[in-house]
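Examining the three-dimensional arrangement
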Amino acid sequence: MFSLRGRGLWVAASLSRQHLPSARLSGDCSAPGSPHFDVVVVGGGHAGTEAAAAAARCGSQTLLLTHRVDTIGQMSCNPSFGGIGKGHLMREIDALDGLCSRICDQSGVHYKVLNRRKGPAVWGLRAQIDRKLYKQNMQKEILNTPLLTVQEGAVEDLILTQPEPGHPGRCRVSGVVLDCWGLNQVLHAKHKFYPGRGFTSVVPPPASQAEGPEFDGRYQKKKKKFYLCAVLPNPMDGSAVHAESVILTTGTFLRGTVVIGLETHPAGRLGDQPSIGLAQTLEKLGFVVGRLKTGTPPRIAKESIDFSILNKQTPDDPSVPFSFVNETVWIKPEDQLPCHLTHTNSAVDAIILENLHLNSHVKETASGPRYCPSIESKVLRFPNRVHQVWLEPEGMDSDLIYPQGLSVTLPAELQQKMILCIRGLEKAKMVQPGYGVQYDYLDPRQIEPSLETHLVQRLFFAGQINGTTGYEEAAAQGVIAGVNASLRVSRKPPFIVSRTEGYIGVMIDDLTTQGTSEPYRMFTSRAEFRLSLRPDNADSRLTFRGYEEAGCVSQQRYNRAAWMKSSLEEGISVLKSIEFSSSKWKKLIPQVSISTSRSLPVSSGERKVQALAPTYVMSAEGVIFVSTLATSFCILACQKQQQAPSSFCTGSH
């Protein structure tokens, strides 16, 4: 049992399948001792979950602190993962044994590879995700990760000590101070507890109030919920959790403000309180703080949309999984949900332009996402143009549709009026209005490539706190921060991905050297070495390093990557062993222009032959093979020599 001591509240709950190590916790809830972990991760978003899981995989006793356990894995904005550039990050996260790629393969409702008209180096794996299913699967994974403890709580301050000699930094972080929980705070859990859900026990009220603090508990039979609130006689200012390394993944919660029309409310996202004290602490420490903004579209009732008049987009068949360890996704293509396309029009433009005075979010000087702008920004920047609106399902059994491309912060009644002007949405019912979020971020030039800060030793930042936008960018930073926080505890060299090794390296190098004044988004155009940084070879680039240098990769994944590497080497060896004269190659492949001036034999593995007719196919395992030419060479050569084609020729690898 782990106790949070706050202003008037004592809550007891076991939030993971394993108990806290007794050697690290002295006394009971009222004792002066405080728990100690190797790594503490603050924030349970996409960066936080990946960071916590990565640190635990590396062997560190890890604590994940989040406002609410039931929001772990929540997709706050769009119900999708991947895309151009972002799909590369997903593959690299998976190559380092991250979680989100595998969870997406278990939770998607529409899988598609974007940009297929171009070469495979810039293909973008993407999937529409079932929000509820993703959250369930992520919580199950996190709450059953060895060495990882999950605890509800809000961090208000950092515990600082003298700096370590030989390392840059003014001081060293040695833990966090939890927020004071209010008197009215309650812990509620379903009466029937489910394995891996987190709340495995709730302390009942004692028989006599003299035996402990004053309790106010009640059980509602109708709702099958038990509400427990306990009041301590002597409130405390807050409780401390000590750690060797601390990772902050605060997302949009640092002094976050939600905006709808002219109304503003302090919130990290709709319904969640912001982090004020921690933002003030970071500012006092000397970190350069900036302000960014983002937004989300309204949600529309599915049954109120006329899909029959809209352009329909079907998923790929076969579907390509994100994870290297999965041969296919959990759902067949014929059972997946379609997306639909509609467009804005002049009526939408008119409503926006006539009501700019009612939209404070647009007037703010904080920078918003350039590559995923609000509909107001698009109308202002590109007047008299039609803009795409993708209607995306939010889940298999969800009644909501997410209108991608319609992020808006107008007053709710004007949002409804605007929606009714769009084709197919003439009778649409808005269930939840769109809103904007303004939040603090810290200049990423204040962190190392390992994501450790310059000012405070052993303090790491990951996610939107570094000025990025998007689930994939946050998750990628989370993996790197988690690995390096663990390595820092064991005093090992940091794990750095360079620009030549991966898109993760490109992103972190961009942030730490150039900084950002707007939400940073990954694109293939940012990578100078994109021809070699393909989504299919992320495992060969990163898995072996992650296993040998960081210890974040499982033996199973390492063995699979080693098998794939040996299979590809076998195929290359087969290709190099085939030699014919140029004239013979011309006869074998008459559709390809081959010069016959060269008299020496030419190998099918030589660059000149490889470049003649490159046609690529992405298999279900995500491996790109040079199919047409290489397979033809191999099979033709075997036929000429009256041999059976090898397994590589027939594509069984």
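I will try to describe carefully the structure that is included in this document. For clarity, every value in this text was computed on a predicted model and none was experimentally measured.

**Some words on the packing of aromatic side chains**
Using the criterion set out here, one finds 5 aromatic pairs in the structure. Aromatic rings pair up to connect F81, Y134 and Y471 into one cluster. Against the face of Y520 rests R526, its NZ or CZ located 4.1 Å from the ring centre. K565 extends its terminal NZ or CZ atom over the ring of F544, reaching a point 5.2 Å from the ring centre.

**A look at the nonpolar core**
F81, V176, L282 and L459 are the most contacted members of the largest nonpolar core, which has 101 residues in total. Setting aside its immediate chain neighbours within four residues, L459 contacts L158, V173, V246, L248, L282, F287, L451, E452 and T453. I300, I351, M418 and L425 belong to the second largest nonpolar core, which has 21 residues in total.

**Some remarks on the pairing of strand β15 (residues 257-260)**
Covered by surrounding structure in β15 are T257 and V259 together with V258 and I260, the residues of both alternating faces. In textbook terms, the turn of a hairpin is the stretch between consecutive antiparallel strands, and for β15 and strand β16 (residues 263-266) this stretch comprises 2 residues, one of which, G261, has a positive phi near 65°.

**Re the sheet that holds strand β23 (residues 430-432)**
Whenever strands of a sheet pair, they do so through backbone hydrogen bonds, lying parallel or antiparallel. Here we have 6 strands laid out as an open sheet, ordered β19-β20-β21-β22-β18-β23, and antiparallel in their pairing. The open sheet has two edge strands, β19 (311-313) and β23, and neither has a second partner. Along the sheet, successive strands turn relative to each other by an average axial angle of 35°, direction set aside. Where strand β18 (residues 299-301) meets β23, 2 bridges bridge the pair, whose relative direction is antiparallel.

**Comments concerning the packing of helix α2 (residues 86-95) against helix α10 (residues 471-489)**
In helix packing, the relevant descriptors are the interaxial angle and the interaxial distance, both defined with respect to the helix axes. The interhelical angle for the contact between α2 and α10, taken along N-to-C directions, is 30°, at an axis separation of 9 Å. Taken together, α2 and α10 sit at an angle that is classed as roughly parallel. The interaxial crossing formed by α2 with α10 has left-handed handedness. Counting all contacts with α2, which are made through K86, L89, M90 and I93, the residues of α10 involved are E472, E473, A475, A476 and V479. When the residues that make up the contact of α2 with α10 are grouped by side-chain class, the tally is 6 nonpolar, no polar and 3 charged.

Conventions we followed
- Residues numbered from 1 in each chain as written.
- Predicted model: local features only at pLDDT ≥ 70, side-chain atom pairs only at ≥ 80, totals over all residues.
- Heavy atoms only, no water.
- Phe/Tyr/Trp six-rings, centres within 6.5 Å; stacked < 30°, edge-to-face > 60°.
- Lys NZ or Arg CZ within 6 Å of the ring centre and 35° of its normal.
- Core = buried A, V, L, I, M, F, W, Y, C linked by side-chain atoms within 4.5 Å.
- Buried < 20%, exposed > 50% of the residue type's maximum accessible area, 1.4 Å probe, protein only.
- Contact = heavy atoms within 4.5 Å.
- Helix = DSSP H or I, 4+ residues; strand = E, 2+ residues; numbered from the N terminus.
- Pairing = 2+ DSSP bridges.
- Axes fitted to C-alpha atoms, helices over the stretch in contact; angles between N-to-C directions.
- Parallel < 35°, antiparallel > 145°, perpendicular 65-115°, else oblique.
- Left-handed = near helix turned anticlockwise from the far one by under 90°.
- Nonpolar A, V, L, I, M, F, W, Y, C, P; charged D, E, K, R; others polar.

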